[in-house]
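Now for the letters of each chain:
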Amino acid sequence: MILLGIGNDGHIASLFKKNINKKTNKNVIYVKRKDFQRISLTIKCINNSKSIFLWAPGKSKKNIVKKILSDKKFKYPASFLKENNNILFHCN
């Protein structure tokens, strides 16, 4: 099981629109931005888990989860979570 938080822009695990790579075979990546540097799991590694728990506290996070679930045209990083996994959402 993987526990993930979600950002107001729909990012997960430091995976943002500009650095999400669905084709990589790696399990971890190095993420460097102006404001931080991190090591994170790739979307492939996350999707290999049996269950994903997405924690989305607060009204703004609840709104982004609604957009992700309803808007199939725009791809948020959290949109790349495999639908065949057991994905649990917790919004409060």
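Rules used in this analysis
Residues numbered from 1 in each chain as written. Predicted model: local features only at pLDDT ≥ 70, side-chain atom pairs only at ≥ 80, totals over all residues. Heavy atoms only, no water. Helix = DSSP H or I, 4+ residues; strand = E, 2+ residues; numbered from the N terminus. Rg over C-alpha atoms; globule rule 2.2 N^0.38 Å. Buried < 20%, exposed > 50% of the residue type's maximum accessible area, 1.4 Å probe, protein only. Contact = heavy atoms within 4.5 Å. Areas by Shrake-Rupley, 256 points an atom, 1.4 Å probe, with all protein chains shown as cover. Lys, Arg positive; Asp, Glu negative; His and termini not counted. Charge placed at Lys NZ, Arg CZ, Asp CG, Glu CD. Core = buried A, V, L, I, M, F, W, Y, C linked by side-chain atoms within 4.5 Å. Polar contact = N/O pair within 3.5 Å; in protein donor to acceptor, adjacent residues only side chain to side chain. Salt bridge = Lys/Arg side-chain N within 4 Å of Asp/Glu carboxyl O. pLDDT = per-residue confidence, 0-100. Pairing = 2+ DSSP bridges. Right-handed = clockwise from strand over helix to strand, strands pointing away.

(A) Region of the structure containing the overall build of the protein. If you tally the helices and strands in the protein, you get two helices and five strands. Each helix (α) and strand (β) of the protein, taken in turn from the N terminus, gives the series β-β-β-α-β-α-β. Over its C-alpha trace the protein gives a radius of gyration of 13 Å, about what one expects of a compact globule, namely 12 Å for 92 residues. Dimensions of the protein, computed from C-alpha atoms along their principal axes, come out at roughly 30 × 30 × 25 Å. Put simply, the protein has 92 residues, and 38% of those count as buried. Expressed as a percentage of contacts within the protein between residues at least 6 apart in sequence, the contacts between residues at least 24 apart total 66%. Taken as a whole, the protein presents about 6,300 Å² of accessible surface, with 53% of it coming from carbon and sulfur. In the protein, which carries 20 positive and 4 negative side-chain charges, the distance between the mean positions of the two groups comes to 3 Å.

(B) Just the nonpolar core, in detail. Core analysis: the biggest nonpolar cluster contains 18 residues, and Leu 4, Ile 6, Ile 12, Ile 43, Ile 46 and Leu 81 have the highest contact counts within it. Residue assignment for this core shows that the elements contributing at least two residues are β1 (2-5), α1 (43-47), β4 (51-56) and α2 (59-70). Once residues lying within four places of it in the same chain are set aside, the contact partners of Ile 6 are His 11, Ile 12, Leu 54, Trp 55, Ala 56, Lys 61, Ile 64, Val 65, Ile 68 and Ala 78.

(C) Fine view of the environment of Asn 21. Tracing the backbone through its elements, the reader meets Asn 21 in the loop between β1 and β2 (28-32). We classify Asn 21 as partly exposed; its relative accessible area is 41%. Looking at Asn 21, its side chain comes within polar contact range of the main-chain nitrogen of Lys 23, at 2.9 Å. A distance of 3.4 Å separates the side chain of Asn 21 from the backbone nitrogen of Thr 24, its partner in a polar contact.

(D) Spotlight on the pattern of salt bridges. Scanning the model with the defined rule gives one salt bridge in all. The partner of Arg 33 in a salt bridge is Asp 35, and the shortest N-O contact between them spans 3.7 Å. Relative accessible area serves as the criterion here: at 58%, Asp 35 is assigned to the exposed category.

(E) Spotlight on the confidence of the model for the protein. Overall, the predicted model of the protein reaches an average pLDDT of 88, with 100% of residues at or above 70. Confidence, expressed as mean pLDDT per element, reaches its minimum in the protein at strand β5 (residues 86-91) with 83 and its maximum at β1 with 94.

(F) Examining the pairing of β4 more closely. In this structure, β1 lies alongside β4, joined through four bridges in parallel fashion. Each residue of the ladder has a partner; that of Gly 5, found in β4, is Trp 55. Sheet analysis places β4 next to β5, joined by six bridges and oriented parallel. Bridge assignment links Trp 55 to a residue of β5, and that residue is His 90. Considered for its hand, the β-α-β crossover made up of β4, α2 and β5 is right-handed.

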